[in-house]
Amino acid sequence: MAHVQKIIEEIETTTPNALTWTAALVGSVTVGLSGVVPIVLLPGDTASPTTFQGDRNLKLLLSFAVGGLLGDVFLHLFPEAYGALNDKGDNTHSGRLNLGLWMLGGILTFLLVEKVFELTEDQGDSEKREPKKKIIGYLNLLANCIDNFLHGLTVASSFLTSIKLGMITTFAILIHEIPHEVGDFAILMRSGFTRWEAGKAQIGTAGVGVLGAVAALSLDSVQSLEARTAWILPFSAGGFLNIALVSILPELMSETNPREAMKQLVCLLTGILVMALLSNF
């Protein structure tokens, strides 16, 4: 291990810019491609909404997704955003107020986008049910784009500090993202995406992570980066809250089978527990 560390240090001193850019971009792409992991983990008919058992399984995955989103917001995004206030010395009433306003802004923005698309689709199509489901998937992809952009910023910032820190950060985000991506996959399947459409859409959001990495590498300093992106954490937290509590949970609340409702509750709590365990990474 010491030998590997010595090699990394030698490379850093000889070609710092090229190595940093390459490692940061590779790390961002690796994190982004975690979105296709559910295609490998979940068999083809596990979460198919076209069969009775597949629909039940999909609802269990959606319950896990709700728990994962809630855990991500309250155990990762919000604590990290609040910690950033302390790091900047902005833990004042106005700083905390801005944090809350950005979170509300995320909730209201996603709600507004959903309503606008609903009204547009309702005017052009008499079948309202399917377009409404599709909107949830697109909103989730939008939230994932913001989240992946943030991951790209984080990975690149870590590699700007050192190659070792960048590798550790990439691994931590990757472990954190895999259960999150399983939930995202379930949301896209429920929204009417096929398995391969969901996979291609997730790969598309990975490209936004690369843009985040390029943005971080192009700025002069990590401090400048943090100052310009402080709003992203609370805004994306608000978006995830809207998806979990407004777009998905009402459908799960309509479950009339007590046994299935209990299974869904267990999956929801499991999602929160997994995110709680991963928040230590």
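Residues numbered from 1 in each chain as written. Predicted model: local features only at pLDDT ≥ 70, side-chain atom pairs only at ≥ 80, totals over all residues. Heavy atoms only, no water.

A. Main features of the overall build of the protein chain. Along the backbone of the protein chain there are 11 helices and zero strands. Counted from the first residue to the last, the protein chain has its helices and strands arranged as α-α-α-α-α-α-α-α-α-α-α. Looking at the 281 residues of the protein chain, the share that counts as buried comes to 44%. A fraction of 82% describes how many contacts in the protein chain between residues 6 or more apart in sequence connect residues 24 or more apart. (Helix = DSSP H or I, 4+ residues; strand = E, 2+ residues; numbered from the N terminus. Buried < 20%, exposed > 50% of the residue type's maximum accessible area, 1.4 Å probe, protein only. Contact = heavy atoms within 4.5 Å.)

B. Seen up close, the pattern of salt bridges. Considering all chains together, one arrives at four salt bridges under this definition. Notably, a salt bridge pairs glutamate 255 with lysine 59, separated by 3.8 Å at the nearest N-O pair. With glutamate 255 in the loop between helix H10 (232-253) and helix H11 (258-278) and lysine 59 in helix H4 (residues 52-88), this pair connects stretches of sequence that are 196 residues apart. Ionic pairing is found between glutamate 260 and lysine 263, a salt bridge with its closest N-O pair at 3.5 Å. Separated by three residues within a single helix, glutamate 260 and lysine 263 lie in helix H11, roughly one turn from each other. What makes lysine 263 partly exposed here is its relative accessible area of 35%. The network of salt bridges with common partners includes Arg56, Glu260 and Lys263. (Salt bridge = Lys/Arg side-chain N within 4 Å of Asp/Glu carboxyl O.)

C. Seen up close, a nonpolar patch on the surface. A contiguous nonpolar surface patch, about 600 Å² in accessible area, is contributed by Leu97, Leu101, Leu104, Leu108, Leu111, Leu245 and Val246. Residue assignment for the nonpolar patch shows that the elements contributing at least two residues are helix H5 (93-124) and H10. Of all the elements, H5 adds the most residues to the nonpolar patch, at five residues. When you line up the elements, leucine 104 lands in helix H5. (Patch = residues over 30% accessible without salt bridge, like charges linked within 9 Å, V, L, I, M, F, W, Y side chains within 5 Å. Areas by Shrake-Rupley, 256 points an atom, 1.4 Å probe, with all protein chains shown as cover.)

D. How the structure looks around the side chain of asparagine 144. By the element assignment, asparagine 144 lies in helix H6 (residues 129-161). The residues contacting asparagine 144, other than those within four sequence positions of it, are His180, Asp184, Gln202, Thr205 and Phe240.

E. Structural detail: the environment of serine 236. Relative to the helices and strands, serine 236 resides in helix H10. Overall, the relative accessible area of 3% leaves serine 236 in the buried class. In the structure, serine 236 is positioned 158 residues away from phenylalanine 78 in sequence and 9.7 Å away in space, judged by C-alpha atoms. Once residues lying within four places of it in the same chain are set aside, the contact partners of serine 236 are Leu77 and Ile146. Reaching out from serine 236, the side chain makes a polar contact with the backbone oxygen of leucine 233 at a distance of 3.0 Å. (Polar contact = N/O pair within 3.5 Å; in protein donor to acceptor, adjacent residues only side chain to side chain.)

F. Summary view of helix H7 (residues 163-190). With 28 residues, H7 should cover 40 Å at 1.5 Å per step; its first-to-last C-alpha distance of 40 Å lies within 8% of that length. Approximately 30° is the largest bend angle found in H7, and it occurs at isoleucine 178, with the proline proline 179 only one to four residues beyond. Remark: glycine 192 follows H7 within two positions and exhibits a positive phi of approximately 105°. (Expected span 1.5 Å × (residues − 1). Bend = angle between axes of the 7 residues up to and from the residue.)

G. Structural view of the environment of alanine 201. Relative to the helices and strands, alanine 201 is located in helix H8 (residues 195-218). Put simply, alanine 201 and tyrosine 138 are 63 residues apart on the chain and 9.4 Å apart in space, counted from C-alpha to C-alpha. Beyond its immediate stretch of four places on either side in the chain, alanine 201 contacts Leu141 and Phe193.

H. Broad picture of the packing of aromatic side chains. Taken as a whole, this structure holds three aromatic pairs when the rule is applied. With a centroid separation of 6.3 Å and 80° between ring planes, the pair formed by tryptophan 102 and phenylalanine 235 is classed as edge-to-face. Here tryptophan 102 is found in helix H5, whereas its partner phenylalanine 235 is found in helix H10, with 133 residues between them in sequence. For tryptophan 102, a relative accessible area of 40% corresponds to the partly exposed category. For the pair phenylalanine 110 and phenylalanine 235, a centre-to-centre distance of 6.4 Å together with 55° between the ring planes defines the contact as tilted. Remark: phenylalanine 235 occurs in helix H10 and phenylalanine 110 occurs in helix H5; sequence separation between them is 125 residues. Grouping residues by exposure puts phenylalanine 110 and phenylalanine 235 together as buried. Among the aromatic residues, ring-to-ring pairing joins Trp102, Phe110 and Phe235 into one connected group. (Phe/Tyr/Trp six-rings, centres within 6.5 Å; stacked < 30°, edge-to-face > 60°.)

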